[in-house]
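This is what each chain is made of:
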Amino acid sequence: IKTVYENYKKAFSLIEPSTNRKVTAELYYKFATVCDDLDETETAIKLYKRCIDIQNENEFMSAAMLNLAIIFEDTGAEELAVKYYKECITIDEKNNNLSGIYEASLRLAKIFRRKEPDEAVVYFKQAIATARQINEPYYTINSNLAFGDFYFDKKEFAKALKAYIVALTKIKVRTLLTKIF
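All of these numbers come straight from a predicted model, not from anything done at the bench.

Attention shifts here to the packing of helix H2 (residues 21-37) against helix H3 (residues 41-54). At a minimum axis separation of 8 Å, H2 and H3 run at an interaxial angle of 160°. One way to sum up the angle between H2 and H3 is to call them roughly antiparallel. The two elements H2 and H3 cross, and the hand of that crossing is left-handed. For the pair H2 and H3, contact is made by Arg 21, Thr 24, Ala 25, Tyr 28, Tyr 29, Phe 31, Ala 32, Thr 33, Cys 35 and Asp 36 and by Thr 43, Ala 44, Leu 47, Tyr 48, Arg 50, Cys 51 and Ile 54, respectively.

Quick look at the nonpolar core now. Ranked by internal contacts, the top residues of the largest apolar core, which has 53 residues, are Tyr 48, Tyr 85, Phe 124 and Phe 147. Looking at this core, the elements with two or more residues in it are H2, H3, helix H4 (61-74), helix H5 (78-95), helix H6 (98-115), helix H7 (117-134), helix H8 (137-153) and helix H9 (157-180). Among the elements that make up this core, the one with the highest residue count is H4 (9 residues). With sequence-adjacent residues up to four places away left out, Phe 147 is seen in contact with Val 121, Phe 124, Lys 125, Ile 128 and Ala 163.

In this structure, the largest pocket occupies an estimated 250 Å³ of space. Along its surface, the largest pocket is lined by Lys 125, Ile 128, Ala 129, Arg 132, Asn 144, Phe 147, Tyr 151, Lys 159, Lys 162, Ala 163 and Val 166. Residue assignment for the lining of the largest pocket shows that the elements contributing at least two residues are H7, H8 and H9.

Analysis parameters
Residues numbered from 1 in each chain as written. Predicted model: local features only at pLDDT ≥ 70, side-chain atom pairs only at ≥ 80, totals over all residues. Heavy atoms only, no water. Axes fitted to C-alpha atoms, helices over the stretch in contact; angles between N-to-C directions. Helix = DSSP H or I, 4+ residues; strand = E, 2+ residues; numbered from the N terminus. Parallel < 35°, antiparallel > 145°, perpendicular 65-115°, else oblique. Left-handed = near helix turned anticlockwise from the far one by under 90°. Contact = heavy atoms within 4.5 Å. Core = buried A, V, L, I, M, F, W, Y, C linked by side-chain atoms within 4.5 Å. Buried < 20%, exposed > 50% of the residue type's maximum accessible area, 1.4 Å probe, protein only. 1 Å grid on protein atoms, 1.4 Å probe; cavity = no way out; pocket = protein on both sides within 12 Å on 5 of 7 lines; lining within 4 Å. Points joined across faces, edges and corners; volume = space filled by probe spheres on them.

That's the geometry; what it means functionally is another story.
This is the structure we're talking about:
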């Protein structure tokens with residue numbers, strides 16, 4: 001990964017004002033992900049922000065916002081994380097990026113689960129609905145397990161059980177299909 005880092009650093013130094021903005025946005029994003037992987041968090045944050053600012057609605061904008069939100073969530077800056085997750089959802093809804101909507105919704109639900117439970121329910125339901133739209137078993141299982149845990153912690157056992165049953169059913173169907181094919 002260090003070699004990739006050095007290559008991006010060289011490419012980054014070649015950017016000129018005339019460089020295509022889409023190419024520049026992509027370079028900022030990809031270099032930021034490498035920095036993020038190398039735990040160069042401050043540099044990654046700067047590069048993700050540059051990717052976001054370089055061109056309105058570039059194809060890496062939502063992913064950069066999602067990654068920024070994750071960094072902020074991991075470092076305890078939940079207000080900033082919430083801001084970026086919500087912006088990510090807005091962009092992903094415009095672009096019909098269901099995976100992005102799922103990811104940001106589930107993460108928002110987990111942030112809100114203790115402080116704002118009603119808000120958490122909204123985002124859990126959005127994540128579950130999006131998982132169904134995508135028809136991705138892992139997303140459906142994961143979001144229903146998280147929703148079940150949410151209700152279990154609140155001692156709403158009937159609702160927790162319902163969410164767990166949906167997840168278990170999906171697991172059983174997936175296992176059965178794996179055995180058949």
